[in-house]
Structure formats: C-alpha cells, structure tokens
Amino acid sequence: HDNLYIPKTTEAKNKIFKSIEFKKNTIEDILNVLYLENIVSVIIEGGKNTLENFINSNFWDEARIITGNTNFINGLSAPKLKGNKIENFHFSQDLITIYKNTK
C-alpha cells in the first residue's frame, strides 16, 4: 500500500474520511489525525501485522484477548503482549482476558 495516497478530505453525514500516506510513520500519522479530530478512544481490530505494529510501537493502553475453544493447526500465531493481566472472565464459551499496558 506504499502508493496509496489520496490528498483530500471527504465528509458524509456524521463521517469524515481522512487520507494519509502509508509510509514508515503510518501508526503515528493515524493517531495524529485522530488527535486532531478530538478522538480519544479507538478500537483496533486487525490481523497479526496490524496488531503487532501497534503493540511494538507501544501505542496501546488496554487489550482484550478473546480465546475460543477451537484449536487451529495452521495459521498465524497471535501477537504477544507485554502488560499486566488485570482480569479474566467467560462470555458464553469464550475466555476474555484484559491486559493493561505498563509502558
């Protein structure tokens, strides 16, 4: 996605679409746009690479890990967190574990 850059802002009802240039500071650029829009909370739901980029950049406060009861033989392993485990609880058949970043 290195060439993806649309230099305009589009508004539609209660949505604002911002374009950023995908380069080495992509996460910082995303967070800067959110800050300028006074957005102070965001949920990142992505694949392994997206999540690892936020984790490794230390741009996270809380993580919620949902573990189901199915073991997959193939595929990518989940990212590893370095934080304090603060809570475990069950929701239906899933285990929810909450971590806080120790920064």
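Residues numbered from 1 in each chain as written. Predicted model: local features only at pLDDT ≥ 70, side-chain atom pairs only at ≥ 80, totals over all residues. Heavy atoms only, no water.

What follows deals with the side chain of asparagine 101. Counting through the fold element by element, asparagine 101 comes out in strand E5 (residues 94–101). What makes asparagine 101 buried here is its relative accessible area of 15%. From its side chain, asparagine 101 meets the backbone nitrogen of lysine 103 in a polar contact 2.8 Å long. (Helix = DSSP H or I, 4+ residues; strand = E, 2+ residues; numbered from the N terminus. Buried < 20%, exposed > 50% of the residue type's maximum accessible area, 1.4 Å probe, protein only. Polar contact = N/O pair within 3.5 Å; in protein donor to acceptor, adjacent residues only side chain to side chain.)

Another point: the sheet that holds strand E3 (residues 62–67). Spatially, three strands are ordered E3-E5-E4 in an open sheet, and the strand pairing comes out antiparallel. One side of each edge strand has no neighbouring strand; the edge strands of this open sheet are E3 and strand E4 (83–91). Neighbour-to-neighbour, the strand axes of this sheet turn through a mean angle of 20 degrees, independent of strand direction. Here E4 pairs with E5 via eight bridges, running antiparallel. Note on E5: the bridge partner recorded for phenylalanine 91 is aspartate 94. (Pairing = 2+ DSSP bridges. Axes fitted to C-alpha atoms, helices over the stretch in contact; angles between N-to-C directions.)

In this section: the pattern of salt bridges. On inspection of all chains with the given rule, the structure shows four salt bridges. Close ionic contact of lysine 100 with glutamate 62 constitutes a salt bridge, the shortest N to O distance being 2.9 Å. Here the residue lysine 100 occupies a position in strand E5, and glutamate 62 occupies one in strand E3, the gap between them amounting to 38 residues. Owing to a relative accessible area of 35%, lysine 100 belongs among the partly exposed residues under this scheme. Through salt bridges that share partners, Glu62, Arg64 and Lys100 make up one connected network. (Salt bridge = Lys/Arg side-chain N within 4 Å of Asp/Glu carboxyl O.)

What follows is about helix H1 (residues 26–36). Each full turn of the α-helix corresponds to 3.6 residues, which orients residues three or four apart in the same direction. By the burial criterion, the buried members of H1 are Thr26, Ile27 and Leu34. For H1, the buried positions fall inside an angular range of 105 degrees around the axis, keeping them on one side. Projecting away from the buried face of H1 at angles above 90 degrees are the exposed residues Tyr35 and Leu36. Those residues of H1 that are buried lie in contact with helix H2 (48–56). Just beyond H1, the residue with positive phi is asparagine 38, at close to 60 degrees. (Arc of directions from axis to C-beta. Contact = heavy atoms within 4.5 Å.)

As a further point, take the environment of aspartate 61. Checked against the element boundaries, aspartate 61 lands in the loop between H2 and E3. Taking the C-alpha atoms as reference points, aspartate 61 and serine 41, separated by 20 residues in sequence, lie 9.9 Å from one another. Residue contacts for aspartate 61: discarding those within four places in its chain leaves Tyr99, Lys100, Asn101 and Lys103. Reaching out from aspartate 61, the side chain makes a polar contact with the side chain of lysine 103 at a distance of 3.0 Å.

Function cannot be read off these values alone, since they describe shape.
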